[in-house]
Amino acid sequence: MTLLVTYCCRDKVEDRGPMPARDRYLSPRIRMAEETAGRLGWEFAILSGLHGLLGPGDDLAWYDHLLTLEQVEQHAGRCAGQLADR
């Protein structure tokens, strides 16, 4: 399996209810990355500083979180576990 991953963005739809990650984030880069993955037949994920790896259809409530240097090691372990689960 090949996985194309792009990072999340600060700009989000501010509706507090859950919505698919692809719709929550407002970056055109994320849409372009998902389209590219689809054309290539690859899986696609968004790397969130709070949630780790998200599928584009994963429900996501609004949040505001900037990953800090102190959180990186623990977050990397979480993401490694998410990759292993895939």
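Definitions and cut-offs
- Residues numbered from 1 in each chain as written.
- Predicted model: local features only at pLDDT ≥ 70, side-chain atom pairs only at ≥ 80, totals over all residues.
- Heavy atoms only, no water.
- Helix = DSSP H or I, 4+ residues; strand = E, 2+ residues; numbered from the N terminus.
- Expected span 1.5 Å × (residues − 1).
- Polar contact = N/O pair within 3.5 Å; in protein donor to acceptor, adjacent residues only side chain to side chain.
- Buried < 20%, exposed > 50% of the residue type's maximum accessible area, 1.4 Å probe, protein only.
- Arc of directions from axis to C-beta.
- Contact = heavy atoms within 4.5 Å.
- Disulfide = S-S within 2.5 Å.
- Phe/Tyr/Trp six-rings, centres within 6.5 Å; stacked < 30°, edge-to-face > 60°.
- Lys NZ or Arg CZ within 6 Å of the ring centre and 35° of its normal.
- Salt bridge = Lys/Arg side-chain N within 4 Å of Asp/Glu carboxyl O.
- Pairing = 2+ DSSP bridges.

A. Highlighting helix 2 (residues 28-40). The end-to-end C-alpha separation of helix 2 is 18 Å, in line with the 18 Å expected for 13 residues at 1.5 Å each. A side-chain oxygen of the first residue of helix 2 lies 3.1 Å from the backbone nitrogen of arginine 29; this N-cap is serine 27. Note on helix 2: the residue one or two positions beyond its end, glycine 41, has a positive phi of about 75 degrees.

B. Expanded view of helix 3 (residues 72-85). Its 14 residues give helix 3 an end-to-end C-alpha distance of 20 Å, which sits within 8% of 20 Å, the value for a rise of 1.5 Å per residue. Turning to helix 3, its buried residues number three or more, namely His75, Cys79 and Gln82. One side of helix 3 holds all its buried residues, which, seen down the axis, span an arc of 55 degrees. In helix 3, the exposed positions angled more than 90 degrees off the buried face are occupied by Glu73, Gln74 and Ala84. Considering only its buried residues, helix 3 is in contact with strand 3 (43-48) and strand 4 (52-54).

C. Just the state of the cysteines, in detail. Applying the stated criterion across every chain yields a total of 0 disulfides. Free of any disulfide, cysteine 79 has its nearest neighbouring cysteine sulfur in cysteine 8, separated by 10 Å.

D. Representation of the environment of proline 56. Mapped onto the fold, proline 56 is located in the loop between strand 4 and strand 5 (59-60). By relative accessible area, proline 56 is classed as buried at 15%. Separated by 32 residues in the primary sequence, proline 56 and arginine 24 place their C-alpha atoms 9.5 Å from one another. Ignoring sequence-local partners within four residues, the contact set of proline 56 consists of Pro20, Ala21, Arg22, Glu34 and Phe44.

E. Structural view of the packing of aromatic side chains. In the structure shown here, the tally under the stated rule is 0 aromatic pairs. Stacked on the ring of tyrosine 63, the Lys or Arg lysine 12 has its end atom at 4.6 Å from the ring centre. Geometry around tryptophan 62 places arginine 16 over its ring, the cationic atom sitting 4.1 Å from the centre.

F. Structural detail: the pattern of salt bridges. The tally for this structure, following the rule as stated, stands at 1 salt bridge. The salt bridge involving glutamate 34 is made with arginine 22; its shortest N-O contact spans 2.8 Å. Within this pair, whereas glutamate 34 is found in helix 2, its partner arginine 22 is found in helix 1 (residues 21-24), the two being separated by 12 residues in sequence.

G. Expanded view of the pairing of strand 3. Sheet topology note: the strand 1 (residues 3-7)/strand 3 ladder contains 5 bridges and is parallel. Within strand 3, the position partnered with valine 5 by the bridge is alanine 45. Where strand 3 and strand 4 come together, 3 bridges link them in antiparallel fashion. When the bridges of strand 4 are listed, leucine 47 appears paired with leucine 53. Where strand 3 hands over to strand 4, the hairpin turn is made up of 3 residues, counted between the paired strands.

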